[in-house]
Amino acid sequence: MRDFTQYTHLRQSSDLTLDLDDRTLKEQDTFLPGSRDSEETRESHCEEEDTPFPHRSSAALVAHAVLLVCNTVILGLSVLLWLRGEGNSPMEEAVAYNLRDLTGDTKYLPNGTVIPDPQHQEFGPPGPEADAVWSKMVEHSNIRLSRDELNEDYRDLPGLVEFSDGSGIYGSVAVYHSIHCIKRLHHLLHFDHYHPNKSAEETRALMHHGVEHCLSYLMEAAKCNADLTVFPMQWGTETRIPLGIDQGQHQCKDWGRIEEWMKTRSVDIYTPGLLVHPKFGWAYADGVDHLTGVAPGTTVAAGMSDGH
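Since the model is a prediction, treat every value here as computed from it, not as a measurement.

Before going further, it helps to spend a moment on the overall build of the protein chain. Looking only at helices and strands, the protein chain has 10 helices and 6 strands in total. Within the span of the protein chain, comprising 308 residues, buried residues form 17% of the whole. The contacts in the protein chain between residues at least 6 apart in sequence include a share of 59% that link residues at least 24 apart.

Below, the structure is given as structure tokens:
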């Protein structure tokens, strides 16, 4: 007779092991997303898997958007400051704007004589009144600057004109170059009055400088400071040709504020001994009556770059 005691014991042990393994697997199944016994867990996991990428990364996207906006604003401000020339002119503090009409319609008497424009008396017939207006307009065009107020185009140039009293550097402002050119063109229209007894060579120099140089400079200045005010053409009562009459409001720099700022820096360059060339001495030792406004030669800096 066989002894089944050991077999029974082994069978019971095996059944116990299988039962434990089965229960262990069932307990482990609760952590598996595919388990039939963990529907809630599976649904939760599936919801996480199905969440779109943008939703999961919304915080990162917002952070990147904020950085992009900040960079754009910084770039825009940098460009704006560059376009305005911020830091390129100490006159920025004097800039203010106003709206005004631009008058420019020249009127004539029946005999062809120009009717003086009360707003532009400088364009009237040559004489003391017109000359006084021109003198007042350019009275403060020569100013004193410090080296730090010059932009990088000029700051380190050799040959800058420094006042002999050490008070600064002799300078001016570009708009006064335009005004001087307009003044020169006006005077050329009345050549015999403003330039009597000029030699042929002086006359050629005046015409060349006054017409070619000034017209070129005024053209570039007009493009640089382009006025974008638009105006429509209109029909007239006495001609079939459309009339271009500018009656619009223009945004202009306040000229009064500019003149006031210039006045605070104004200097009389004809003061004896104030402008002294390092080689030729006092600039106006021969007086100013002989001056034509046409400067021969070139600048020290240009001469050095040319190897002279």
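Structure's up, so let's keep going.
Another aspect to go through is the nonpolar core. Formed by 14 residues in total, the largest nonpolar core has its most connected members in Met91, Ile143, Val173, Tyr176, Ile179, Trp261 and Met262. Residue assignment for this core shows that the elements contributing at least two residues are strand E2 (143–145), helix H6 (174–189) and helix H9 (255–265). Ranked by the residues each element gives to this core, the list is headed by H9, at 3 residues. Every residue in contact with isoleucine 143, bar those within four places of it in the chain, is listed here: Phe163, Ile169, Tyr170, Gly171, Ser172, Val173, Trp261, Met262, Arg265, Ser266 and Val267. Formed by 6 residues, the second largest nonpolar core is a distinct cluster that contains Val267, Ile269, Leu274 and Leu275.

Okay, the confidence of the model for the protein chain next. Reading fine detail from the predicted coordinates is not recommended where pLDDT is low. Overall, the predicted model of the protein chain reaches an average pLDDT of 77, with 63% of residues at or above 70. Here residues 23–38 scores under 50 on pLDDT; set against residues more than four positions off or in separate chains, the count is 9 contacts.

The rules behind these values
- Residues numbered from 1 in each chain as written.
- Predicted model: local features only at pLDDT ≥ 70, side-chain atom pairs only at ≥ 80, totals over all residues.
- Heavy atoms only, no water.
- Helix = DSSP H or I, 4+ residues; strand = E, 2+ residues; numbered from the N terminus.
- Buried < 20%, exposed > 50% of the residue type's maximum accessible area, 1.4 Å probe, protein only.
- Contact = heavy atoms within 4.5 Å.
- Core = buried A, V, L, I, M, F, W, Y, C linked by side-chain atoms within 4.5 Å.
- pLDDT = per-residue confidence, 0-100.

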